[in-house]
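What follows is the residue order along each chain.
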Amino acid sequence: MADRSIWPRWLLLSIFGYLPGTISAQIPMGVTPGCDDGQTSLDVDWNGLSRDYWCTEGQWKTNASAPPVQSCDPSPNQRTHYCMNDKIAYTDVPPTYGDHRPVWPVYGEYKYAPPQRWIHSLEHGAVVMLYHPCANMVQVDKLRTLVRGCLRRHLITPYNKLPRSTPMALLTWGCKLLMNVVDERVAVEFIKTHADRGPEKLFEDGVFSYNLIKRAAMITDAGDSVICPSGTSGSNAALGQPSQFLPATSSASFPVTYRFLMSWTHVIALSVSLIVFSVVVSPFGQD
Ligand SMILES: *[C@@H]1O[C@H](CO)[C@@H](O)[C@H](O)[C@H]1NC(C)=O
């Protein structure tokens, strides 16, 4: 007969064996009920203030002599998923990598999308276009048209932390191009060089679409195998290196495989708790 007093100890040991495994494991990407479904507790990331997408002081003048500023972080490796019960803050303005939400956005243009979402897009190889709500609208339209024509995996949103000197930005994972006026050649070269270089190759849309205005259109294929196919100003000038890409056929199966692999972290955690159980508890059972 099993000693009933062992059961609470078994439970405790299993839990203590299991917890360290789950805490060290990454929260999987995508929807996890009770963590992030792309719809609940969105006010943690954005409280809906209109000044985040609305210009209140009149459009800023352009300054054609202000040069574009380009930079890349040498080691963009911070990328932990956090559930909606944790706040995520960034020190870099604008951030190009970092902790983010498990659920990533549908590609396209947003009335406003928070960095906690679009950093996940950058991780998948997307280009994010930011503009200050007071940036010159002719310049914003020019950059918007350029980005939309370059690759499907883009996200466009206002971002009011950009300074007056550079009120527009293109971001990829770890890299940024800050602009006052749009130099199409520089912008296309930046996109061709840095897009599709995120740490994860993933083509499909996520399920976050709050405040989505316009879904991104297909340019070449789901994997954006040719980036900026029309080059600059409609010419076919080949700028930069052709982008590396995976065949578009993997777009549907890859996330499923990925989630399956991620679930193995829980299997491993369970195994650890079973080992703890057999090693530590069994001797007591033989008394
Ligand atoms: C325009 O940009 C140049 C170069 O950065 C700067 O020296 C100048 O002060 C700027 N002009 C205005 C009006 O901000």
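Reading the values: rules and limits
- Residues numbered from 1 in each chain as written.
- Predicted model: local features only at pLDDT ≥ 70, side-chain atom pairs only at ≥ 80, totals over all residues.
- Pairing = 2+ DSSP bridges.
- Helix = DSSP H or I, 4+ residues; strand = E, 2+ residues; numbered from the N terminus.
- Axes fitted to C-alpha atoms, helices over the stretch in contact; angles between N-to-C directions.
- Contact = placed C-beta atoms within 7 Å.
- Buried ≥ 20, exposed ≤ 12 C-beta atoms within 10 Å, placed from the backbone.
- pLDDT = per-residue confidence, 0-100.

The name an unreviewed UniProt entry gives the protein is DUF3105 domain-containing protein, with Ramazzottius varieornatus as the organism.

Draft legend 1. Spotlight on the sheet that holds strand 3 (residues 127-131). Spatially, seven strands are ordered 1-6-5-3-4-2-7 in an open sheet, and the strand pairing comes out mixed. Each of the sheet's edge strands pairs with one partner strand only, and the pair in question is strand 1 (69-72) and strand 7 (212-215). In this sheet, adjacent strand axes meet at a mean angle of 15 degrees when their direction is disregarded. When strand 1 meets strand 6 (residues 175-179), the two strands line up antiparallel, connected through four bridges. Bridge assignment links Gln70 to a residue of strand 6, and that residue is Leu177. Where helix 4 (residues 184-194) meets the sheet, it contacts strand 1, strand 3, strand 5 (168-172) and strand 6, and its direction lies at approximately 15 degrees from that of strand 5.

Draft legend 2. The environment of Gln26, seen in detail. Here Gln26 is to be found in the loop between helix 1 (6-24) and strand 1. Classification of Gln26 as exposed rests on a count of 11 C-beta atoms within 10 Å. Remark: the alpha-carbon pair of Gln26 and His81, spanning 55 residues in sequence, is separated by 6.7 Å. With residues up to four places along the chain from it excluded, the contact list for Gln26 reads Thr80 and His81.

Draft legend 3. Up close: the confidence of the model for the protein. On average, residues of the protein score 83 in pLDDT, and 74% of them reach the 70 mark or higher. Of the regions scoring below 50 in pLDDT, residues 17-24 engages in twelve contacts with residues more than four places distant in sequence or in other chains. This stretch, residues 233-262, has a pLDDT under 50; its non-local contacts, to residues over four places away or in other chains, come to 40 contacts.

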